[in-house]
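Residue strings, one per chain:
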Amino acid sequence: MATRTAQVSRVSARNASFKGQAARGHVAVRPAAGKNVSAARFVTKCAAGGNVAEELGFKEMRKGIKEASEESLLTPRFYTTDFDEMEQMFSQEIQPNLDMAEFDACLLEFQEDYNQKHFVRNNDFKTAAAGIEDPSLRRIFIEFLERSCTAEFSGFLLYKELGRRLKKSSPVVAEIFTLMSRDEARHAGFLNKAMSDFGLALDLGFLTKNRNYTFFKPKFIFYATYLSEKIGYWRYISIYRHLQSNPEFQCYPIFQYFENWCQDESRHGDFFTALLKSQPELVSNNDLEAKLWSRFFCLSVYVTMYLNDHQRDEFYSAIGLDTTQFNMHVIVETNRTTARIFPNTLDVENPKFKEILDELVIVNGDLIALGKSDSPMAGLQKIPVVTKFATLLLQLFLMKPVESGTVDFEEQKALVF
Amino acid sequence: MASTISVTNNACSLEKNTYAVSSKVAAQRKQPHGQHAARSHAASLKLSASHRASCLKPTCSKKETRPRKTALQAAAEDVSASAESSSGPARYGYVIANAKFMLHDEEHLAELLRERRRLFLEQEREIDFWVVPEPAWTGSLPSNVKIGKPSAAVVSTNLTWITFLKLRLDKCYKGEMEGELADVLASTPYEEEDLKFAPPKGWDAPYPRYQQDWWKLFAP
């Protein structure tokens, strides 16, 4: 069984082997055109008969293979970055004073490979998926799995490429990225197998070639990825612990894997903490820009989750969670974690913060409704709603921030713990 | 698959030294409890070069600290000098902070330690890390380090892993020391009640907290 799990990661790594393409001073993570990127292993043939996709309102690329959901501001992205700049940042030749102790510690931790034998499926998956009969619930389960799978796969692509590109200049950092891509491949593969329980898997090879890649400078990759790993940890562990204490909502076995799974997420986040600490200006208490970016990324990550999840209340209530309580818990905890590295965080525990989030949910609902409307006036009607949306976001951003950051950067005579 | 295996082997070879130390440690742990307790007073701990390795500021790099010995420790040393084991002192890394932070607020620490324990049991490795409530050696910490009372530490022979723990926990003090295992793991007497805490303000989770004594699984 362990071999089977390992196969998933190996095959996925091979399937997504790609060649970088030089473009405008950065290199995009894109596969070489025409290369046969087969995702056969990722995709388990759908056993269910009938047209599963149409019944649920999804489009099929081919039998059992779901067409990826349309990309929007709120869907998980694929990232690419300036790999040359990354090389400069972590090359010990260029940066002889780079403190390697934390990187070495991360490497050892990833080499332990805690979850090597964890992602092994059992027969309960198919049965449980078949037991979720309500079409709208099935639809929302598939959406949840697709989003999670896309997000994990996005991490895989980015880390894999970083591991490849940094190999010469910074072998330790490169190996950590490679080991993290191992984890992400396992996660994505496991989720995609779960999707196939519902009769619709993703063609990840196709996605690799055809999805848009968002270019982020390295520092933005660090902020954004740090946050998505840590918020991922808090989401998974909260669902897991909730279901442990309320087993009557345990309707699909994937949740039982979340406890060990999310430790990977948390470790990935720790590595980004080390990356940020190695570039002190990115998280310095004296750097206004660092503070503004920290808050900006916190805000965008929290708001994205809050809006996304509130559009999917049905999913969370199916597993017995109150979406608002779950989201606020995740936001508060992620924010507490983030305060250990970001020099500024948002005052999410201020009741005003949640009030504005709830207003955003309503405005977002109006926007979605207008987006679907056939009325010729819809475009015009959107303008005040978009303005309202932007105003609320700005209000959140401008709330009095909380000073934070790692104790290792604090100037103090006495160390109090 | 091939790459996964080589990675694991690599991890083993990196930790060879750690294994050697931890088997010695295990031998020490089998000593009768009485002796364990008696020797814990003979704290001949050398807290050397306690510094924050991860610190990037030049001001706090490698601060040598003066080992402080209480009168009680000195007296106890004379009494139990003959009881010293022949296996020399080993090197330990630790992170320490107030117990509320370590044992209550940071629930992910519980998960991290359980996960590591699970891995060690699967791979039949000797456990080389412990949770020590109210360590007996807090008096030997550098004078500028203030740890809230009661305190708690995680101690390990794997110094690299301790660096990782510090990276994870951040708001704790990381140091290294040399000494006998029994001394390193010794606690000063404490009330169980003092290690029970109320949840952080505004804590509203869709699940109950871990049991207050989760850490006892990792206590010496």
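As recorded in an unreviewed UniProt entry, chain B goes by Ycf54 and comes from Cymbomonas tetramitiformis. The heading Sequence similarities (unreviewed entry) in the UniProt record of chain B holds the text "Belongs to the ycf54 family."

By the naming in an unreviewed UniProt entry, chain A goes by magnesium-protoporphyrin IX monomethyl ester (oxidative) cyclase and is assigned to Cymbomonas tetramitiformis. Check the Cofactor (unreviewed entry) section of the UniProt entry for chain A; it says "Fe cation". As recorded by UniProt, the Catalytic activity (unreviewed entry) comment attached to chain A reads in full: "Mg-protoporphyrin IX 13-monomethyl ester + 3 NADPH + 3 O2 + 2 H(+) = 3,8-divinyl protochlorophyllide a + 3 NADP(+) + 5 H2O".

(A) Structural view of the side chain of Lys-166 of chain B. Tracing the sequence through the fold places Lys-166 of chain B in helix α7 (residues 159-169). A polar atom in the side chain of Lys-166 of chain B sits 2.8 Å from the backbone oxygen of Cys-172 of chain B.

(B) Structural view of the sheet that holds strand β3 (residues 60-62) of chain A. Residue and element names in this part refer to chain A. As summarised here, the arrangement of the 3 strands in space is β3-β4-β6, forming an open sheet in which the pairing is mixed. Every other strand in the sheet has two partners, leaving β3 and β6 (201-202) as the edge strands with one partner each. Bridge analysis of β3 against strand β4 (residues 65-66) gives 2 bridges, and the strand direction is antiparallel. Along β4, the bridge assignment pairs Glu-60 with Lys-66.

(C) Main features of α7 of chain B. Most of α7 of chain B is tucked away, with 9 of its 11 residues classed as buried. Residue Asn-158 of chain B occupies the N-cap position of α7 of chain B, its side-chain oxygen lying 3.2 Å from the main-chain nitrogen of Thr-160 of chain B.

(D) Representation of the side chain of Glu-184 of chain A within the structure. Tracing the backbone shows Glu-184 of chain A in helix α7 (residues 171-197). Apart from residues no more than four positions distant in its own chain, Glu-184 of chain A is found in contact with Glu-152, Gly-155, Phe-156, Tyr-159, Glu-229 and His-268 of chain A.

(E) A look at unusual backbone geometry. Pro-150 of chain B follows Lys-149 of chain B through a cis peptide bond whose omega is -10°. Considering the arrangement of structural elements, one finds Pro-150 of chain B in the loop between β3 (145-146) and β4 (151-156). Unlike most non-glycine residues, Asp-113 of chain A shows phi in positive territory, near 50°. Checked against the element boundaries, Asp-113 of chain A lands in the loop between α4 (101-112) and α5 (124-131). At Asp-170 of chain B, a position not held by glycine, the phi torsion is positive, near 60°. Position of Asp-170 of chain B among the secondary structure elements: in the loop between α7 and β5 (173-179).

(F) Quick look at the confidence of the model for chain B. Residue and element names in this part refer to chain B. On average, chain B scores 71 in pLDDT, and the residues at 70 or more come to 60%. Here residues 1-86 is modelled with pLDDT under 50, and outside its nearest four sequence neighbours on either side it reaches 144 contacts, counting other chains as well. Here the predicted complex scores 0.79 on pTM and 0.84 on ipTM.

(G) Inspection of the pairing of β4 of chain B at higher detail. All names here are of chain B. Counting buried residues in β4 gives 6 out of 6 residues, a clear majority hidden from the surface. Covered by surrounding structure in β4 are Ser-151, Ala-153 and Val-155 together with Ala-152, Val-154 and Ser-156, the residues of both alternating faces. One ladder, built from 5 bridges, connects strand β2 (residues 129-133) with β4; its direction is antiparallel. Residue pairing in the sheet places Pro-133 in a bridge with Ala-152 of β4.

Cut-offs applied
- Residues numbered from 1 in each chain as written.
- Chains lettered and ligands numbered in written order.
- Predicted model: local features only at pLDDT ≥ 70, side-chain atom pairs only at ≥ 80, totals over all residues.
- Heavy atoms only, no water.
- UniProt positions renumbered as here; feature names shortened; annotations may be inferred.
- Helix = DSSP H or I, 4+ residues; strand = E, 2+ residues; numbered from the N terminus.
- Polar contact = N/O pair within 3.5 Å; in protein donor to acceptor, adjacent residues only side chain to side chain.
- Pairing = 2+ DSSP bridges.
- Buried < 20%, exposed > 50% of the residue type's maximum accessible area, 1.4 Å probe, protein only.
- Contact = heavy atoms within 4.5 Å.
- pLDDT = per-residue confidence, 0-100.

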